[in-house]
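# Understanding the architecture of this molecule
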Amino acid sequence: MSTHRPSVHVLPDARSAQRAAAQRVAEVLRVKQACRVPAVLGLATGATMVGVYGELVRMHREDGLSFAHVRSFNLDEYWPIGPDDPLSYHRAMREQLWDHVDADADGVLMPDGTVEAADVAAHCRAYEERIRAVGPLDHVLLGIGRTGHIGFNEPGSSLSSRTRLVRLDARTIADNARLAPPGSEVPDHALTMGVATILEARAITLVALGAHKAEIVARALEGPVHADVTASYLQLHADVTVLLDREAASVLRQGEPG
Ligand code: GLP
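This text gives an overview of the structure that appears in the document. Not measured: the values here are computed from a predicted model.

It is worth spelling out the overall build of the protein at this point. In terms of helices and strands, the protein carries 7 helices and 10 strands. In terms of C-alpha radius of gyration, the protein reaches 17 Å, essentially the compact-globule figure of 18 Å for 258 residues. Once the C-alpha set of the protein is aligned to its principal axes, its extents read approximately 45 × 40 × 40 Å. A total of 258 residues make up the protein; the buried ones form 54% of that total. Put simply, 80% of the contacts in the protein that link residues at least 6 apart link residues at least 24 apart. Of the roughly 11,500 Å² that the protein leaves accessible, carbon and sulfur atoms contribute 50%. For the protein, the distance from the average position of its 26 positive side-chain charges to the average position of its 33 negative side-chain charges is 5 Å.

Bringing the sheet that holds strand 7 (residues 164-167) into the picture now. One open sheet holds the 3 strands; their spatial order is 4-8-7, and the pairing between them is antiparallel. The open sheet is flanked by strand 4 (76-79) and strand 7, the only strands paired with a single partner. Mean inter-strand twist for the sheet, computed between neighbouring axes without regard to direction, equals 30 degrees. The sheet contact formed by strand 7 and strand 8 (residues 189-192) spans 4 bridges and is antiparallel. Residue pairing for strand 8: valine 166 is matched across the bridge by alanine 190.

By the definition in use, this model includes 12 salt bridges. When the shortest N-O distance is used, the salt bridge between glutamate 62 and arginine 58 registers 2.9 Å. Placement of the pair is glutamate 62 and arginine 58 together in helix 2 (residues 47-63), with a separation of 4 residues, close to one helical turn. Given the relative accessible area of 28%, arginine 58 is considered partly exposed. Arginine 91 is the partner of glutamate 95 in a salt bridge, and the nearest nitrogen-oxygen pair spans 2.9 Å. Of the two residues, glutamate 95 and arginine 91 both sit in helix 3 (residues 89-96), 4 residues apart, roughly one turn of that helix.

Time to look at unusual backbone geometry. Residue proline 80 is reached from tryptophan 79 by a cis peptide bond, and omega for that bond is -10 degrees. Of note, proline 80 is situated in the loop between strand 4 and helix 3. Going from glycine 135 to proline 136, the amide bond is cis rather than trans, its omega being 5 degrees. Phi is positive for arginine 36, close to 60 degrees, though the residue is something other than glycine. Here arginine 36 lies in the loop between helix 1 (14-34) and strand 2 (40-43). Using a relative accessible area of 77% as the deciding quantity, one classes arginine 36 as exposed.

Take the packing of helix 1 against helix 2 next. The N-to-C vectors of helix 1 and helix 2 enclose an angle of 50 degrees; their axes lie 8 Å apart at closest approach. When the interaxial angle is binned, helix 1 and helix 2 end up oblique. In the packing of helix 1 onto helix 2, the handedness of the crossing is right-handed. Side by side, helix 1 and helix 2 meet where Gln18, Arg19, Ala21, Ala22, Gln23, Val25, Ala26 and Arg30 of the first sit next to Ala47, Thr48, Gly51, Val52, Glu55, Leu56, Met59 and Asp63 of the second. Classifying every residue of the contact of helix 1 with helix 2 gives 8 nonpolar, 4 polar and 4 charged.

By size, the foremost hydrophobic cluster in this structure holds 78 residues, and its most contacted members are Leu56, Phe67, Leu97, Trp98, Leu141, Leu142 and Ile204. Sorting elements by how many residues they give to this core places helix 1 first, with 8 residues. Not counting residues up to four positions away in its chain, the partners in contact with phenylalanine 67 are Leu29, Leu56, His60, Leu97, Trp98, Val101, Asp102 and Ala103.

Another aspect to go through is helix 3. The complete set of buried residues in helix 3 reads Tyr89, His90, Ala92 and Met93. Buried residues along helix 3 cover an arc of 165 degrees about the axis, so they all sit on one side. Of the surrounding elements, those touching the buried residues of helix 3 are strand 2, helix 2, strand 3 (71-74), strand 4 and helix 5 (170-177). Regarding helix 3, its N-cap is serine 88, as a side-chain oxygen of that residue lies 3.0 Å from the backbone nitrogen of histidine 90 further along.

Quick notes on the rules
- Residues numbered from 1 in each chain as written.
- Predicted model: local features only at pLDDT ≥ 70, side-chain atom pairs only at ≥ 80, totals over all residues.
- Heavy atoms only, no water.
- Helix = DSSP H or I, 4+ residues; strand = E, 2+ residues; numbered from the N terminus.
- Rg over C-alpha atoms; globule rule 2.2 N^0.38 Å.
- Buried < 20%, exposed > 50% of the residue type's maximum accessible area, 1.4 Å probe, protein only.
- Contact = heavy atoms within 4.5 Å.
- Areas by Shrake-Rupley, 256 points an atom, 1.4 Å probe, with all protein chains shown as cover.
- Lys, Arg positive; Asp, Glu negative; His and termini not counted.
- Charge placed at Lys NZ, Arg CZ, Asp CG, Glu CD.
- Pairing = 2+ DSSP bridges.
- Axes fitted to C-alpha atoms, helices over the stretch in contact; angles between N-to-C directions.
- Salt bridge = Lys/Arg side-chain N within 4 Å of Asp/Glu carboxyl O.
- Parallel < 35°, antiparallel > 145°, perpendicular 65-115°, else oblique.
- Left-handed = near helix turned anticlockwise from the far one by under 90°.
- Nonpolar A, V, L, I, M, F, W, Y, C, P; charged D, E, K, R; others polar.
- Core = buried A, V, L, I, M, F, W, Y, C linked by side-chain atoms within 4.5 Å.
- Arc of directions from axis to C-beta.
- Polar contact = N/O pair within 3.5 Å; in protein donor to acceptor, adjacent residues only side chain to side chain.

The structure is reproduced here in structure tokens:
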């Protein structure tokens, strides 16, 4: 498989990078709407995305951006977890985006953190089938974890991986505990869309912010394509845009603000 150079944009600050990411999503929505076909999105959660969704909500309110015919598939969810748990990605997506825009509830799907252990494999297969039925994904929005994960595809995830149950890396659990309210513990498992599913998307945007992401961003973009850093698999995709703030770009060889 040949490698490609992602299009890397270094923005002056986090807000500009989040705004640029929101504009890319909005562009997909507008193009698809003009063609009268649903936009099929892959969506991420995490601190990085809060400002992206905030900007999309602003565009909905002020610029009339519509989510009416969107089909969206979130990348991941902790397991087991209820949809109202303060750590749940279901709850985050409702609070940050879906409660504020005109999307159809039927069009918005996420891996289900309440599924019983015995039903996990069937649930994951069904999630893939739902994507395949309307896919491929037109656009996937990605963050990156400090282990190099995209979605929750931790180190060791294969290029051919699909939606499945994974055990989280100890570093991920520690990082995500920052966002946990006192008294709640980050689950050590999650359901995640696979690398193969992500790479089948027509276009991908990865957003990374802050000095704590700088080293892993450099390994993902400039290091070898390897399962140790699953974000490095993005080098195999022909249409990847990377949006960074200056701090996240600081270890890149090509890290001058563009
Ligand atoms: C989380 C999510 C990823 C997210 C990444 C970065 O654990 N599973 O989808 O992109 O890690 O999170 P943050 O934006 O909070 O740094």
